[in-house]
Amino acid sequence: MTAWKFKIATLALAASASLSTFAQEVTLRLHQFLPPQGTVPAKALTPWAKKIEEESKGRIKIQLFPSMQLGGTPPQLYDQARDGVVDIVWTLPGYTPGRFPKSEVFELPFIAGLSAEKTSRALWEYVQKNALDEYKDVHVLALHTHGPGLFHTKQPVVGLESLRGMKIRGGTRVVNNMLVKLGATPVGMPVPAVTEALSKGVLDGTTIPWEVAPALKVQELVKNHTTFAGDRALYVTTFVVAMNKASYNKLPADLKKVIDDNSGVEFSAMIARTQDVGDNVGRDLAIKNGNKITELEAAEVQRWKRTAGVVESDWVNDMKAKNIDGAKLVSEARALIAKYEK
């Protein structure tokens, strides 16, 4: 073969390879635990998947699998992403107690504010600075919190004493410890199990934000809701959208850019905004249903803060046993939350 023919053949092969890369299409499976009508699945994950498909000109297709349709339990979702059982998950780090210790700081009582979006921006920055090692086995697409958690109960909670002895669902290790300190009996379970547990009398109530209530029909199963005066949330929990590392790494550069352009702090904030809006929807449904909403006044909230404050001390001591400066992380989290609330 002459030199020029060899050169043309080489160029043709390169062009063919380039065309093959350009034409590559990828299907990513996104697995999560809530039904499709839930706030985050309907208002955040579905529009996000559509945006990814549009910006990739149809070359990335994201298949949505709600309600654990691909099998397993909610606590197994993170490992499903890590191990490549699925490509992407939306889940709670707190479903696997003790595995994400530095991320737990945002779940401490009365540390987060009333805006999920602002708290989520703080969480994203906090993890980048302090806790990325906890997510080293996956490619993180978003980190966020929900809005203020509150009590939804069959009998009214009008003060600290009325909570005592109630069987209350708590979603994470930190929240369960808070419930113990407040005098309740914590019952740990993933949120999809709450509906049946309430209907069968396994629970006297649950802690969730307003926005989750409609998907679980909580406002139909209980008649009382207790909120807190002031500018701090009783608690929030943290969430992660995690992608399998190999699924991300094998994407061509232009498709990685589509994922990157739709990941990070703004994706985190977008999810949280849907939860802020969803809180209003959930509250309105409870009112429409004729339910009683009790807002504890400032003096009573101070009693709760003093009682629940032991949870923070417990957590700092737990971190010390892991050679982690928990007090420093609490200060860091508070400072970042305040930064984004300005």
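Cut-offs used in this document
- Residues numbered from 1 in each chain as written.
- Predicted model: local features only at pLDDT ≥ 70, side-chain atom pairs only at ≥ 80, totals over all residues.
- Heavy atoms only, no water.
- Helix = DSSP H or I, 4+ residues; strand = E, 2+ residues; numbered from the N terminus.
- Rg over C-alpha atoms; globule rule 2.2 N^0.38 Å.
- Buried < 20%, exposed > 50% of the residue type's maximum accessible area, 1.4 Å probe, protein only.
- Contact = heavy atoms within 4.5 Å.
- Salt bridge = Lys/Arg side-chain N within 4 Å of Asp/Glu carboxyl O.
- Pairing = 2+ DSSP bridges.
- Axes fitted to C-alpha atoms, helices over the stretch in contact; angles between N-to-C directions.

This part covers the overall build of the chain. Counting its regular elements, the chain contains 13 helices and 11 strands. On C-alpha atoms alone, the chain measures out to a radius of gyration of 23 Å, which is about the 20 Å that the 2.2 N^0.38 rule sets for 342 residues. For the C-alpha atoms alone, the extent of the chain along its principal axes is close to 90 × 45 × 35 Å. Going through the 342 residues of the chain one by one, you find that 52% of them count as buried. Within the chain, contacts between residues at least 6 apart in sequence are counted, and of these 78% link residues at least 24 apart.

A complete count under the given rule lists 24 salt bridges for this structure. With a closest N to O distance of 2.8 Å, Lys51 and Glu55 form a salt bridge. Residue Lys51 and its partner Glu55 are located together in helix H2 (residues 39-55), separated by 4 residues, close to a single helical turn. According to the relative accessible area criterion, Lys51 is partly exposed, its value standing at 38%. A salt bridge links Glu266 to Arg121; the nearest nitrogen and oxygen atoms lie 3.0 Å apart. Of the two residues, Glu266 sits in helix H11 (residues 265-288) while Arg121 sits in helix H4 (residues 116-130), which places them 145 residues apart along the sequence.

Next up on the list: the sheet that holds strand E2 (residues 60-65). The strand order E2-E1-E3-E10-E4 describes an open sheet built from 5 strands, whose pairing is mixed. Pairing within the sheet leaves two strands with one partner each, and these edge strands are E2 and strand E4 (138-145). Neighbouring strand axes in the sheet, compared pairwise and without regard to direction, differ in orientation by 20° on average. Strand direction decides the pairing type here: strand E1 (residues 26-32) and strand E3 (residues 88-91), joined by 3 bridges, are parallel. Residue pairing for E3: Leu30 is matched across the bridge by Ile88. Against the sheet, H4 makes contact with E4 and strand E10 (238-244), and its axis sits at roughly 145° relative to E4, the strand it touches most.

Here we come to unusual backbone geometry. The phi dihedral of Ser67 is positive, around 55°, even though this residue is not glycine. Note on placement: Ser67 falls in the loop between E2 and helix H3 (77-83). The class of Ser67 is partly exposed, set by a relative accessible area of 37%. Despite not being glycine, Phe110 has its phi angle at roughly 55°, a positive value. As for its placement among the helices and strands, Phe110 is situated in the loop between E3 and H4.

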